[in-house]
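Structure at a glance
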Amino acid sequence: MSCQELTLVAQVGDHQYLAYCEHGSIHLGWYYGTFHLQWDDFRRIVRLLEQSVDTPDFTQLKGEGCCLIRQKNRCLQFWIGPTALFLAEAELSKLVELVLAALPLLNRLQIEGGEIELHNISQYYKINRLRTGGIFGAN
Amino acid sequence: MCTQFVPLTKSNDFRYILRCEHGAIYLTWDLVTVYLNLREFEGLARLLDQGTYLAESSKIVEMGCILIYSEQGYYRLWIQNIAISLKPVEFLILADMVRVALKGVQEKQITAPAATPALERFQGYQRTVTASANLSFSIN
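This structure is a prediction, so every number in the text was calculated from the model and none was measured.

So, about the confidence of the model for chain B. Residues and elements named next belong to chain B. Within chain B, residue pLDDT values average 82, and 76% of them lie at 70 or more. pLDDT under 50 marks residues 113-140. Its contacts with residues more than four places away, or in other chains, come to 78 contacts. For this predicted complex, the interface confidence comes out at an ipTM of 0.79, alongside a pTM of 0.79.

A few words now on the pairing of strand S8 (residues 82-86) of chain B. Each regular strand shows side chains that alternate between the opposite faces of the sheet. Burial within S8(B) is extensive, with four of its five residues counted as buried. Examined bridge by bridge, strand S8 (residues 83-87) of chain A and S8(B) share three bridges and lie antiparallel to one another. Looking at the pairing, Leu85(A) lines up with Ile82(B) of S8(B). Of the strand pairs in this sheet, strand S7 (residues 75-79) of chain B and S8(B) are connected by five bridges, and their pairing is antiparallel. Paired with Arg76(B) across the two strands is Ser85(B), which belongs to S8(B). If you look at the hairpin formed by S7(B) and S8(B), you'll find two residues sitting between the two strands, and Gln80(B) has a positive phi there, around 55°.

To continue, consider the pattern of salt bridges. The final tally for this structure, using the stated rule, is ten salt bridges over all chains. The shortest N-O distance in the salt bridge between Arg99(B) and Asp96(B) comes to 3.0 Å. Here Arg99(B) and its partner Asp96(B) are both found in helix H2 (residues 88-108), three residues apart, which amounts to about one turn of the helix. For Asp96(B), a relative accessible area of 7% translates into the label buried. Where Glu107(B) meets Lys103(B), a salt bridge forms, and the shortest distance between an N and an O atom there is 3.1 Å. Pair noted here: Glu107(B) and Lys103(B) are both in helix H2, with a separation of four residues, about one helical turn. With a relative accessible area of 35%, Lys103(B) lands in the partly exposed category. Counted as one network, the salt bridges with shared partners bring together Asp41(A), Arg44(A), Arg47(A) and Glu64(A).

Reading the values: rules and limits
Residues numbered from 1 in each chain as written. Chains lettered and ligands numbered in written order. Predicted model: local features only at pLDDT ≥ 70, side-chain atom pairs only at ≥ 80, totals over all residues. Heavy atoms only, no water. pLDDT = per-residue confidence, 0-100. Contact = heavy atoms within 4.5 Å. Buried < 20%, exposed > 50% of the residue type's maximum accessible area, 1.4 Å probe, protein only. Helix = DSSP H or I, 4+ residues; strand = E, 2+ residues; numbered from the N terminus. Pairing = 2+ DSSP bridges. Salt bridge = Lys/Arg side-chain N within 4 Å of Asp/Glu carboxyl O.

Here's what the structure looks like:
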């Protein structure tokens, strides 16, 4: 699958973002890698990340097809199927923030669908970025 | 922003290697795409080549990549902050893809940007990707 067009939905850094492609996949970009996720996978990830907020002292959290493992040095491995994202301890909250901020927009997008809505989301992002310096404000 | 891609190898629609106009290598393996510069990609090729000969549990490191091999024949490959778990046959496929891609880069003498910091390689996320690869997957 090759994606011609990505629409940015949320961003917490230059290389940490969530976007939506013309195939309907959600792209989670985090520095050196990008995960291409289907909706169901994304929802599973959201559930797991929400769980991590509720139980911050976890050593291992298991979700459906995904899990979070805290290493002895407190760094984290976020496994999504057979692939994983390595996170420094402080990055987990950043990832949670990114995913939760994108969720309402992505949900709306899935319900309404179509090119027009993609355009609207793009506009929404631009407007919020102009007003607040990004969907996440000045962070 | 990367807008032009040269396909280097393709195993299927979800496993392929491209090179962008800035010289960065895009390695896509199922649900993940990893970005490497040419030096890192050469290191990855060396690592996977060494991994082919592993016979007992071990861990080898090369240019920011780590390859962990278990006695059961399974591999875990870390490329910077991304890990991929590989079954034995998948490891061979990936190693072959990387070998073919590197050969393609070297033969075509595609120029790579010198000493570009890794994170400056992918300034954008909007891509135009050629869907079909010109090279056959395996040179074997």
